[in-house]
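One letter stands for each residue in the lines below.
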Amino acid sequence: MTSTSTRDLVSQPYKYGFVTEIETDKIDKGLSEEVVRLISSKKDEPEFLLNFRLKAFRHWLTLDEPDWAALGYEAIDYQDIIYYAAPKQQAKKASLDEVDPKLLETFDKLGIPLSEQKRLSNVAVDAVFDSVSIATTYKEKLAEHGVVFCSFTEAVKDHPELIEKYLGSVVASNDNYFAALNSAVFSDGSFVFIPKGVECPMELSTYFRINSGDTGQFERTLIVAEEGASVSYLEGCTAPMFDTNQLHAAVVELVVLDDASIKYSTVQNWYAGDENGVGGIYNFVTKRGQCRGARSRISWTQVETGSAITWKYPSCVLQGADSVGEFYSVALTNNCQQADTGTKMIHVGPRTRSTIVSKGISAGRSSNSYRGLVQMGPGAKGARNYSQCDSMLIGDQAAANTYPYIRSQQPQAAIEHEASTCRISEDQLFYLQSRGIGFEEAVSMMVSGFCRDVFNQLPMEFAAEADKLLALKLEGSVG
Amino acid sequence: MIRPDAELLLDITDLHASVEDQPILKGVNLQVRSGEIHAVMGRNGSGKSTLSKVLAGHPAYRVTSGTVRYRGENLFELEAEERARLGVFLGFQYPVEIPGVSNLEFLRVATNARRLKQNLEELDTFDFEDHVHERLKVVQMDPAFLERSVNEGFSGGEKKRNEILQMALLEPVVAILDETDSGLDIDALRIVAGGVNQLANANNATLLITHYQRLLDEITPDYVHVMASGRILRTGGRELALELEQIGYDWVDKELAAQGVA
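Conventions and cut-offs
Residues numbered from 1 in each chain as written. Chains lettered and ligands numbered in written order. Predicted model: local features only at pLDDT ≥ 70, side-chain atom pairs only at ≥ 80, totals over all residues. Contact = placed C-beta atoms within 7 Å. Helix = DSSP H or I, 4+ residues; strand = E, 2+ residues; numbered from the N terminus. Nonpolar A, V, L, I, M, F, W, Y, C, P; charged D, E, K, R; others polar. Axes fitted to C-alpha atoms, helices over the stretch in contact; angles between N-to-C directions. Parallel < 35°, antiparallel > 145°, perpendicular 65-115°, else oblique. Left-handed = near helix turned anticlockwise from the far one by under 90°. Buried ≥ 20, exposed ≤ 12 C-beta atoms within 10 Å, placed from the backbone. Pairing = 2+ DSSP bridges. pLDDT = per-residue confidence, 0-100.

**Concerning the interface of chain B and chain A**
Listed by partner, the interface residues are 28 residues for chain B and 21 residues for chain A. Only strand 4 (61–70), helix 2 (80–85), strand 7 (98–102) and helix 3 (103–117) of chain B provide two or more residues apiece to the side of chain B that touches chain A. Here the residues of the side of chain B that touches chain A are counted per class, giving 18 nonpolar, 4 polar and 6 charged.

See the structure below:
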């Protein structure tokens, strides 16, 4: 009989696994107070920032790496990592024409053309290569609207007052182990500022690329939306294939004032390691947004498909009355990938509302956990939360877990939680096949049906891409 | 309609097949020509449903020996989806539910996969809507079912109508209907049988797998086969079905014993 067994399919190779040969300015491996000072001086930073780093570093030394997540990996040797690597070119160029063509080529290959002629028409892009931002498109056009979109390094130079005001105001430098590490050694990232009453005229996007094999990536993103402002922001990430693991520990902070909104979408496709679990990115990320103003809104949408390890809980602190937090997530793990991801919705203000929709797909021998906290504080009178956590298993060797935590100190708050687990069965696949639909298309139809609620939240340009990415990732999954 | 010169669509020779190493089919021989309607009857466990699954290419069924030629081609060299595209259709006894996949989208993808093989143009979303609405009439189905997930929350009768709708869209050359009558009340049975009759023509063939005569009151078979112990024990015309209705299957055991099979 020639029917395809799900086990027979061979994995699709990772398309973004190439390395760019480029001269790099790297510092020596290892982490110490001197290294923190060196990074700060390389970036010619103001004193407040150096102090921020040093405080974080000293605190980090007192912390132990967290072990509560459902993740298993060999201990990370923090002295065996390079904390700063930058492509050798002089300070950021005024014009893209001066950027090393090799770098432009790299982003071209990744499908992120930066040059004037080819750039995406309605998306402004900040391209981050290893530790530094190499180019930001449409900056001038955005500036006409008063929107600031630039690399973190530039923001420190051009808008130090904003950085000083907001940096660490949502994720404190002592928030957790990885946030403290990031606060000590972060090298670059993106900064977005949308002034009062401005609706950002285009999608903003940052594309992160890890290139070096022994370098950690520690970027920092800060987005501030003033009263009545709104913005939609998307980040994407890829990395070359190495048989060693690289550490990625980012921090993202969002601040939203009265009536403002931020929609933050992520398509994460870091290298996941090979089918035996060798190599891949360790992704330990702290993302949090604060709805400070009344009627403000933060919406996180994430499509997590890459990384060997994902540890990530994009959260909302709903302070302002009537503020809204949303979390839409698709996390797909295959082969030996492990993901422990979810969200925290901290209801502080009255009548705050939150929605959590999480879709976990586990294939191969992978493990996929949803971990989420819904907390109703004493002031959250009339607050509401709705959570839905669905897991889909492909094959019989993958694991799915759901860890919902609920804390309420407010009797007049409503919390609803629904969870389900399903498995793609041989009979469902055969049914679709017996109607002429190929095996892989059948799997991807079922998976994208499962994820539809989340994909509908992605900006249009990226929804189709996310669908394709998932199909690609599942090619060769066990059934 | 029997025409000896009609194209031989399905040629099953000494077919043996197992499930989990348990032999179920033990030498099936059957020839189906275009224009013919065959009924395969028999008790539970006689191998009727296994035969349908083997023909459609279900991965859990293993062919151990014998051949099946479909329009001259070795059927077992084709993947399940390829068989479907070439015109082999299985109407399921228990159509599965596929949550999250829109019925309309599913029908469109399936129809286009078949049309591509027939060298017909693929239908875009708009053309397909017109096409499917016209076909809905065959089974008097409410268009609301197109908007739902595939078979999800459908009643037994609605699932069977959805099967015949798929048959109407895919225009199969050989349609194998596995207990399409099971679980249907008489009105639903008439609608489903009416659909099958409308779709049968001189260029295709239908294989009805059923326990009961009542489906054959609605669809007149050219041949009736009685399966027992993984083989076709007896073949006759429609009168054989009527006879079975009278005398039941007790004679089967005797005949098998006489052949030394039971």
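**A look at the packing of helix 1 (residues 33–42) of chain A against helix 2 (residues 47–61) of chain A**
All names here are of chain A. At a minimum axis distance of 10 Å, the contact between helix 1 and helix 2 shows a crossing angle of 155 degrees. As the angle between them shows, helix 1 and helix 2 are arranged roughly antiparallel. Considering only the axes of helix 1 and helix 2, their crossing is right-handed. In this structure, helix 1 contributes Glu 33, Val 36, Arg 37 and Ser 40 to the contact, and helix 2 contributes Leu 49, Leu 50, Arg 53, Leu 54 and Phe 57. Each residue belonging to the contact of helix 1 with helix 2 can be placed in one class, and the counts come to 5 nonpolar, 1 polar and 3 charged.

**Re the pairing of strand 16 (residues 315–318) of chain A**
Residue and element names in this part refer to chain A. A two-sided burial pattern is seen for strand 16, the buried positions comprising Ser 315 and Val 317 on one face and Cys 316 and Leu 318 on the other. With 4 bridges joining them, strand 13 (residues 280–291) and strand 16 adopt parallel strand pairing. By the bridge assignment, Gly 289 is partnered in strand 16 with Cys 316. As paired elements, strand 16 and strand 18 (residues 338–347) share 3 bridges and run parallel to each other. If you follow Val 317 over to strand 18, its bridge partner there is Ile 346.

**A word on the confidence of the model for chain A**
Residue and element names in this part refer to chain A. Predicted confidence across chain A gives a mean pLDDT of 86, with 90% of residues reaching 70 or more. Mean pLDDT across the secondary structure elements of chain A bottoms out at helix 10 (residues 460–474), with 71, and peaks at strand 16, with 98. Long-range and interchain partners of residues 1–12, a stretch whose pLDDT sits below 50, account for 27 contacts in this model, where long-range means more than four residues apart.

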